[in-house]
Amino acid sequence: MKKRVYNFSAGPAVMPEPVLQQAAQELLCHGDDGMSVMEMSHRSSMFTKIFDEAEANLRTLMHIPDNYKVLFLQGGASLQFSMIPLNLMQKGHADYINTGSWSKKAIKEAKKVGEVNIVASSEEQNFSELPQIDAAKMNPDADYLYIVTNNTIYGTCYPELPKPPAGVPLVADASSNILSRPYDINDFGLLYFGAQKNVGPAGLTIVIVREDLIGHCPANTPTMLDYQTHADNGSMFNTPPTFAIYMAGLVFKWMLDNGGVEAMWETNKKKAALLYDYIDQSGFYKGTVTNKAHRSIMNVPFVLPDEALNKPFLEQAEARGLVNLKGHRSVGGMRASIYNAMPVEGVQTLVDFMREFAQSHR
Ligand SMILES: *Cc1c(COP(=O)(O)O)cnc(C)c1O
C-alpha cells in the first residue's frame, strides 16, 4: 500500500485511521453476520443493531435530550436549506444571519417559502469576520433564527451562539464543526450537519430537531421533505444511506473511546493554536479572519505574502504528503481544514513545512 498523506481537505475529509482499518477488516463480512454492511437489508435485525448503536452513541456524545429526534437523511446539508423553511415557517417569516456562501444559499431557498429578514451580515467585509448582531433587529415573532455555526470557506466560528428572542428557536447548520466542541442541544430548536466534514463519508445528513417543531408542514409538502415522515419511520421511510450510517457509527464509537467531544475539543484547540500561533508570529503568512475571536478551530484560511508563491507552496507541500491546502476561490490563498480526525502530527508537519518554506522565500 502507498503511504497515506495528511489530507487537509474541507470535505469530504480525513477519517480516523482506526475507523478505516476496522471498516476494511469488516468489509467482506461484518462480525458474524455473514455479509458486508452494504449487502444488508436496512430492515434486517443485523442492520437495525448497527443503526441503533450509531444513534445511541451520538446521543451519548452530544447529550441529546429525549425530546429531540435524530434523523438520518440524504440530500446533503443543501437539502436542509429547503426542508427547514418548509417545515418550520409556520407563520411565514424567519430571521437569518448572513455569514458566508452557505448562509446565502440557505437564504435563497428560504425566500422561496416565506419572508426572510436578514438580521446581520458581514458580506461587505467579504465574510472575514462575523457581523455585530443588534438584538433589536430580531423579530420576536419569527419562526426561527438561522445561523451557520462554523463558516467552512471563510474560517469563522461563533465563540458564543447568538441568542434569539424568547420563544424563537435557533436553527443551525453545523456541518463543519459538529462534534468538534461541546454544544448544549437545548440551545437549539434544530441542528443539522452533512456527514462529510467531521463525521463520515458523504451521503448522510443528520438532523437533530426538537419534537414540537415537527408536524407543521403544509399539506402539499412532498412526503420526503416532511420531517414527520422520517421521524415516524425511524429514518426508514425509504432506504437510508446504510453504509454511511455504519461508518458514522464507527466514528462515534472512536470518539467515545477517545474521551468524547470534550477531549476532541481540547485536542482541536491545541491543533488550532499550533497553526495560528505560528502564522501570527511568522511575519510571512497572514490569517484572513480579521477578528481573532471569530477564528475557526476547524478551517484555517491564510495567505502568503505574494500570490505567485501559491503554486510552489502547494507543489512542495504535496511532495511532503500535505495535500488539499488550496484555499476556496472566494478567499484565495490556503486553507487547512483540521477536523477531529487530523492528528496533531499532521498539523505539526504542516507548521514545520511552512516554516521551512518561509525561510527559503523571504
Ligand atoms: C459543506 C457544507 C455544506 C454543503 O453540504 P452538502 O452536503 O454538499 O450539501 C453546507 N453547509 C456548510 C457549513 C458546509 O460546510
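Going by the structure above, here's the rest.
First things first, this report covers the structure right here in the doc. (Residues numbered from 1 in each chain as written. Predicted model: local features only at pLDDT ≥ 70, side-chain atom pairs only at ≥ 80, totals over all residues. Heavy atoms only, no water.)

1. Things to note about the site of the ligand
The condition is simple: When we say a residue is near a molecule or strand, we mean one of its heavy atoms is within 4 Å of it. Polar contacts, as counted here, are pairs of nitrogen or oxygen atoms within 3.5 Å of one another; within protein the pair requires one atom able to donate a hydrogen and one able to accept it, and residues that are adjacent in sequence qualify only if both atoms are side-chain atoms. Here the accessible surface of atoms and residues is derived via Shrake-Rupley with a 1.4 Å probe, and residues count as covered only by protein chains that are part of the display. Strands are runs of DSSP state E lasting at least 2 residues, helices are runs of H or I lasting at least 4, and numbering of each runs from the N terminus. Amino acids outside the nonpolar list (Ala, Val, Leu, Ile, Met, Phe, Trp, Tyr, Cys, Pro) and the charged list (Asp, Glu, Lys, Arg) are all regarded as polar, and Gly is one of them.
Around the ligand sit 13 residues, and of these Ser78, Thr152, Asp173, Gln196 and Lys197 come closest. Here an oxygen atom of the ligand and a backbone polar atom of alanine 77 are 3.0 Å apart. Relative to its unbound accessible area of 390 Å², the ligand is 86% covered by the protein chains. If one sorts the elements of the shell around the ligand by residue count, helix α3 (residues 76-88) sits on top with four residues. For the shell around the ligand, a count of residues per class yields four nonpolar, seven polar and two charged.

2. Digging into the environment of leucine 61
Short version of the rule: Each residue is placed in one exposure class: buried if its accessible area under a 1.4 Å probe, protein chains only, is under 20% of its type's maximum, exposed if it is over 50%, and partly exposed if it falls in between. The contact definition used throughout considers only heavy atoms, calling two residues in contact when any of these lie within 4.5 Å.
Relative to the assigned elements, leucine 61 resides in helix α2 (residues 45-62). Judged by its relative accessible area of 3%, leucine 61 falls in the buried class. Separated by 192 residues in the primary sequence, leucine 61 and lysine 253 place their C-alpha atoms 9.2 Å from one another. In contact with leucine 61, other than residues within four places in its own chain, are Leu179, Phe252, Met255, Leu256, Gly260 and Val261.

3. Observations regarding the packing of helix α8 (residues 310-319) against helix α9 (residues 344-361)
To be explicit about the condition: Interaxial angles span 0 to 180 degrees and are taken between N-to-C directions of axes, which are lines fitted to C-alpha atoms, for helices over the stretch in contact. Throughout this description, any angle smaller than 35 degrees is read as roughly parallel, any larger than 145 degrees as roughly antiparallel, any in the 65 to 115 degree range as roughly perpendicular, and the remainder as oblique. Left-handed is the label given to a crossing in which the near helix is rotated counterclockwise from the far helix by less than a right angle, and right-handed is the label when the rotation is clockwise.
Their axes nearest at 11 Å, the elements α8 and α9 cross at an angle of 135°. If you check the angle between α8 and α9, you find them oblique. At the point where α8 passes α9, the crossing takes the right-handed sense. On α9, the residues that touch Pro312, Phe313, Gln316 and Ala317 of α8 are Phe353, Met354, Phe357 and His361. Of the residues contributing to the contact of α8 with α9, the split by class is six nonpolar, two polar and no charged.

4. So, helix α6 (residues 242-257)
Given 3.6 residues per helical turn, the α-helix brings residues three or four places apart onto the same face. Put simply, the test is: The span you would expect from a helix comes to 1.5 Å times its residue count less one.
With 16 residues, α6 should cover 22 Å at 1.5 Å per step; its first-to-last C-alpha distance of 23 Å lies within 8% of that length. By the criterion of burial, α6 is predominantly enclosed, with twelve of the 16 residues buried. Taken residue by residue, α6 has Thr242, Ala244, Ile245, Tyr246, Met247, Ala248, Gly249, Leu250, Val251, Phe252, Trp254 and Met255 as its buried positions. Here the buried face of α6 lies against α1 (17-25), α2, β2 (68-73), β10 (205-210) and α7 (260-282). Glycine 259 sits one or two positions beyond α6 and adopts a positive phi of about 95°.

5. So, the pattern of salt bridges
Our working rule: For this document, the term salt bridge refers to a Lys or Arg side-chain nitrogen within 4 Å of an Asp or Glu carboxyl oxygen.
The tally for this structure, following the rule as stated, stands at 14 salt bridges. The residue lysine 292 makes a salt bridge to aspartate 280 at a minimum N-O spacing of 3.6 Å. Here aspartate 280 lies in helix α7 and lysine 292 lies in the loop between β11 (286-287) and β12 (299-303), a separation of twelve residues in the sequence. Relative accessible area serves as the criterion here: at 54%, lysine 292 is assigned to the exposed category. Residue classification places aspartate 280 among the partly exposed residues on the basis of a relative accessible area of 37%. The network of salt bridges with shared partners includes Asp280, Lys292 and Arg295.

6. Some remarks on α3
For clarity, the threshold we go by: Fitting axes to the seven residues ending at a residue and to the seven starting there, one defines the bend at that residue as the angle between these axes.
The end-to-end C-alpha distance of α3, which contains 13 residues, comes to 18 Å, matching closely the 18 Å that a straight helix rising 1.5 Å per residue would cover. Its maximal kink placed at serine 82, α3 deviates by approximately 30°, while the proline proline 85 follows within four residues. What α3 keeps buried is the set Ala77, Gln80, Phe81, Ser82, Met83, Ile84, Pro85, Asn87 and Leu88.

7. What to know about the environment of isoleucine 214
Tracing the backbone through its elements, the reader meets isoleucine 214 in the loop between β10 and α5 (227-232). Look at isoleucine 214 and you get buried, because its relative accessible area is 11%. Sequence separation between isoleucine 214 and glycine 31 is 183 residues; the distance between their C-alpha atoms is 37 Å. Sequence-distant contacts of isoleucine 214, that is, excluding residues within four places in its chain, are made with Lys69, Val209, Tyr227, Gln228 and Ala231.

8. Section: the sheet that holds β2
Applicable threshold: Note: two strands are recorded as paired if DSSP finds a minimum of 2 bridges between them.
The seven strands are arranged β2-β10-β9-β8-β5-β3-β4 in an open sheet whose pairing can be described as mixed. At either end of the open sheet lies a strand with only one pairing partner, and these are β2 and β4 (115-121). Between one strand axis and the next, the sheet turns through 20° on average, direction left out of account. Pairing of strand β3 (residues 93-98) with β4, which is carried by six bridges, proceeds in the parallel orientation. What sits directly across from histidine 93, in β4, is glutamate 115. Running at roughly 160° to strand β9 (residues 190-194), α3 makes contact with β2, β3, β5 (145-148), β8 (170-173), β9 and β10 of the sheet.

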